[in-house]
Amino acid sequence: MLEKAITRIEDLDYESMERAQRRLDNLTKPRGSLGMLEQLAVQMAGITRNPRPKLGKKVSVVMAADHGVVAEGVSAFPQEVTPQMVINFLNGGAAINVLSRHAGAEVVCVDVGVAVDLDAPGLKVRKVKYGTDNFACGPAMTREEAVRAIEVGIEVAYELIENGASIFAIGEMGIGNTTPSSAIVALYSGRPLGEVVGRGTGIGEDRVPVKKNAIERGIKINKPDVKDPIDVVSKVGGLEIAGMAGCMLGAASRRIPVVVDGFISSAAALIASKIEPKATNYMIGSHLSQEPGHKIALDLIGLRPLMHLDMRLGEGTGAVLAFNLIEAALRILDEMATFEDAGVSTEIA
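Residues numbered from 1 in each chain as written. Predicted model: local features only at pLDDT ≥ 70, side-chain atom pairs only at ≥ 80, totals over all residues. Heavy atoms only, no water.

Draft legend 1. Examining the state of the cysteines more closely. Here the structure, examined in full by the defined rule, presents zero disulfides. The closest cysteine sulfur to the non-disulfide-bonded C247 is located on C109, 12 Å from its own sulfur. (Disulfide = S-S within 2.5 Å.)

If you want it as structure tokens, here you go:
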């Protein structure tokens with residue numbers, strides 16, 4: 001399934017992009033004056049092969065999994081919070097639910113590796129294993145488990161697209177997951193851990209060295225091969241990170257845009273981009289979080305964040321907020337009058 005999805009990822013439709021750009025240049029405004037909104041509209045035209053695209057069904061995908069590295073004391077919260085928050089998502093009480101309702105988006109939660117069994121209405125249970133192993137002591141998971149988690153993401157993307165999804169916000173839930181995300185970004189950036197590792201859910205400054213030490217040990221023990229992104233995600237990654245990467249690849253293979261959320265989502269996007277670079281054409285960066293590694297990851301992928309809101313929650317909250325901006329960009333492209341339509345002069349004094 002992974003190989004088939006990769007082979008189906010195509011370039012953007014440049015003819016549709018050119019037609020969208022020509023229309024934007026003839027709208028009643030100075031050329032380029034709406035900045036990134038115009039760039040968004042052109043990208044969406046290239047993704048959808050439609051010079052005047054519209055958003056249909058919006059879906060927030062939340063991948064949930066646990067992390068064995070939590071045993072190293074890298075998180076401010078206990079692992080029990082992961083399943084508790086999954087239930088909160090399903091009951092509609094989390095921030096992602098509130099912001100998705102505001103944006104008119106459906107929330108879909110996927111258990112790809114929560115450490116306990118969950119059987120709740122609405123939950124997609126696609127558990128690959130009961131959380132990763134502690135990567136400070138050995139590989140987080142086997143290569144086969146990593147591939148399976150990626151394919152869970154592809155399968156979920158395909159199911160949702162068949163049910164009408166036209167755009168995804170990609171989010172996550174997993175106590176401890178800024179630690180594997182930091183490991184992934186440090187490996188691909190070559191930057192010192194001090195520039196990548198942040199406080200995650202809010203650990204004290206005294207715990208940051210503990211987090212760095214766990215990552216250093218994990219990299220030293222596992223020796224991830226940066227030329228092989230599946231090796232990286234299997235050795236120091238997470239099941240939800242692999243699942244998000246798969247969802248991004250699956251969406252790209254069906255020409256569906258994906259909005260990348262915060263630090264963990266960007267680590268998944270980085271893995272997806274290393275598996276198939278053309279997948280980045282279908283990605284939109286939503287915001288820049290407080291995590292220091294987030295900007296590094298976005299720069300590596302080549303994504304510009306639409307917003308700077310000092311958020312650090314995850315769940316897909318920044319990504320779903322971006323739905324409003326994307327829809328605004330498409331409405332500008334489709335609904336705004338051209339100079340000719342409005343009878344406005346194009347002469348420059």
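The structure having been displayed, the exposition proceeds.
Draft legend 2. Geometry of the environment of I87. With respect to the helices, strands and loops of the structure, I87 is situated in helix 4 (residues 81-90). The class for I87 is partly exposed, based on a relative accessible area of 32%. C-alpha of I87 to C-alpha of C109: the two residues are 22 residues apart in sequence and 9.5 Å apart in space. Residue contacts for I87: discarding those within four places in its chain leaves L118 and A120. (Helix = DSSP H or I, 4+ residues; strand = E, 2+ residues; numbered from the N terminus. Buried < 20%, exposed > 50% of the residue type's maximum accessible area, 1.4 Å probe, protein only. Contact = heavy atoms within 4.5 Å.)

Draft legend 3. Region of the structure containing the side chain of S75. By the element assignment, S75 lies in the loop between strand 1 (57-65) and helix 4. Since its relative accessible area comes to 9%, S75 is described here as buried. In this structure the side chain of S75 is engaged in a polar contact, spanning 3.1 Å, whose partner is the backbone nitrogen of F77. Filtering out sequence-adjacent residues up to four positions away, S75 remains in contact with I175, G176, T201, I203 and R207. (Polar contact = N/O pair within 3.5 Å; in protein donor to acceptor, adjacent residues only side chain to side chain.)

Draft legend 4. Highlighting the pairing of strand 4 (residues 165-173). When you tally the buried positions in strand 4, you get nine out of nine residues, the bulk of the element. In terms of strand pairing, strand 1 meets strand 4 through eight bridges, oriented parallel. Within strand 4, the residue paired with V61 across the bridge is I170. Alignment of strand 4 against strand 5 (residues 258-260), held across three bridges, turns out to be parallel. (Pairing = 2+ DSSP bridges.)

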